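As a plain string of letters, each chain reads:
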Amino acid sequence: MQEEKAIFNINNTFYRPESKIVRDLGVLGAAIAQKERGSLRVLEVMSGSGVRALRYWLESGADWLWVNDGNPEIKPTLDANLESLLQQKKGKITYKSAQEVLLECYLKKDHYDLVDIDAFGSPASLFSAIPLATKIGGLIYLTNTDGRTLTGHNLENSLADYGAYARNHPAAHEQGLRLIIAGLQLESARLGLGITPIFSFFFGQSYRVMVRLTANRQLNSHNYGFLGYCHSCGEYQSVPWPKLGKIVCSGDGQPLTLTGPLWLGSLHDRFYLEKMADLADQWQWKKVVKLLEIMREENDFPPYFYSFREIGRRGKLDLPKREDLIAALLEQGYRAAATHINPQAVKTNASLAQCIALLKD
């Protein structure tokens, strides 16, 4: 197999070609970090085929990589795929549990510029250990494939993994990204640290989040709270802690269904995305450039979106074209943008009722 500059065999390892866009984003984020920091040490905790490690080395300019996988049965394939890296003494390979690797980094004060955890299921059990292996200012790249828990279909798991109650609603996939950020944010705060999102990406029923570890806590009562959804009229509201027990829907006065606590702040770092887009353009990754443009524009909106299916159902309307609704909202002085999370949805500071009224005019 070949993916960009990486040439490798799959054999008995895990590799999903459809997830190339996810690896593209990780490579771009890491390459920007390498330029900013002057060096790049990467810890890949759950390697699989080794394609991500190869790309961090060949494309992001990583100086050193610790590549780990918990399955020793893939050793012949992974060792062969990373043979050139090992020959040039640019890294090492181990076959240990994720917890063991992260805690070993902490005990040996061996901290990394990028910690990549491509988890199958939820990485929540590692949230307390991940910051311990990361340099201050370094990046953390997480994968979560447990969409049922994140979208409110397994309430007990959401309590156990995130200390939050996740409910189901039309914008639940964005909620999933915000629960992951909140979980890592809370564990970092307990260490006196914080995280700031670089980008948050939903793709193919999986959730990817890249964040930067900071020396100061970032969590506060403004960015860590609750999302309220009204099943009666379809409206959303951000709910701060002081309003708990008092809040009702601003649209029809009905009680709100609450999810949280979760991250209410920005999903992306707009300026970092611009740097990634510039680099992607240099590399002629046109599909990635287009995605990053959408992600950049969807930032700094309320922590939810309105799906066209919901707009059509509640307004008894034919489904609109996204560009038409966005244009109409902008013309009326509202803010509006597409979202990468759902191609049939819009992010806006207008209410659902206002969107419906515009389409009926």
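See the structure printed just above.
Quantities reported herein were computed from a predicted structural model and do not represent experimental measurements.

1. Observations regarding the overall build of the protein
A count of helical and extended segments in the protein gives 13 helices and 15 strands. The C-alpha atoms of the protein give 21 Å as radius of gyration, which agrees with the globular expectation for 361 residues (21 Å, within 12%). Along the first, second and third principal axes, the C-alpha set of the protein runs to 65 × 40 × 35 Å. When each of the 361 residues of the protein is scored for burial, the buried share is 56%. If you take every contact in the protein between residues at least 6 apart in sequence, the share linking residues at least 24 apart comes to 67%. Total accessible area on the protein stands at roughly 15,600 Å², and carbon and sulfur atoms take up 50% of it. Distance from the positive charge centre (41 side chains) to the negative charge centre (39 side chains) of the protein: 2 Å.

2. Looking at the pattern of salt bridges
If you walk through the whole model with that rule in mind, you get 26 salt bridges. For the salt bridge of E44 with R52, the shortest nitrogen-to-oxygen distance reads 3.0 Å. E44 gets classed as buried once you look at its relative accessible area, which sits at 0%. Looking at R52, the relative accessible area reads 10%, which means it is buried. Of the charged contacts, one joins D116 and R52 as a salt bridge, the two residues approaching to 2.6 Å between their closest N and O atoms. Highlighted residues: D116 in strand β6 (residues 112–118) and R52 in helix α2 (residues 51–58), separated in sequence by 64 residues. Per residue, the accessibility class of D116 equals that of R52, and both read buried. Here the salt bridges do not stand alone but share partners, grouping E3, E4, K20, R23, D24, R55 and E59 into one network.

3. Overview of the sheet that holds strand β12 (residues 257–263)
The three strands are arranged β11-β10-β12 in an open sheet whose pairing can be described as antiparallel. In this open sheet, the two strands that pair with only one neighbour each are β11 (236–239) and β12. Ignoring which end each strand starts from, the neighbouring axes of this sheet average 25° apart. Pairing geometry for strand β10 (residues 224–229) and β11, over four bridges, is antiparallel. Pairing of F226 across the sheet is with V239, part of β11. Set on the sheet, helix α8 (residues 172–190) makes contact with β10 and β12; between it and β12 the angle comes to about 50°.

4. Considering helix α12 (residues 322–331)
For α12, the full list of buried residues reads R322, L325, I326 and L329. The buried side chains of α12 occupy one side of the element, clustering within an arc of 100° when seen end-on. In α12, the exposed positions that point more than 90 degrees away from the buried face belong to E323 and E331. Against the buried residues of α12 lie α11 (308–315), β14 (336–338), β15 (345–348) and α13 (352–360). Remark: G333 follows α12 within two positions and exhibits a positive phi of approximately 90°.

5. Here's the deal with the sheet that holds β14
Whenever strands of a sheet pair, they do so through backbone hydrogen bonds, lying parallel or antiparallel. One open sheet holds the three strands; their spatial order is β13-β15-β14, and the pairing between them is antiparallel. Looking at the sheet topology across the chains shown, the edges are occupied by β13 (306–307) and β14.

Calculation notes
Residues numbered from 1 in each chain as written. Predicted model: local features only at pLDDT ≥ 70, side-chain atom pairs only at ≥ 80, totals over all residues. Heavy atoms only, no water. Helix = DSSP H or I, 4+ residues; strand = E, 2+ residues; numbered from the N terminus. Rg over C-alpha atoms; globule rule 2.2 N^0.38 Å. Buried < 20%, exposed > 50% of the residue type's maximum accessible area, 1.4 Å probe, protein only. Contact = heavy atoms within 4.5 Å. Areas by Shrake-Rupley, 256 points an atom, 1.4 Å probe, with all protein chains shown as cover. Lys, Arg positive; Asp, Glu negative; His and termini not counted. Charge placed at Lys NZ, Arg CZ, Asp CG, Glu CD. Salt bridge = Lys/Arg side-chain N within 4 Å of Asp/Glu carboxyl O. Pairing = 2+ DSSP bridges. Axes fitted to C-alpha atoms, helices over the stretch in contact; angles between N-to-C directions. Arc of directions from axis to C-beta.

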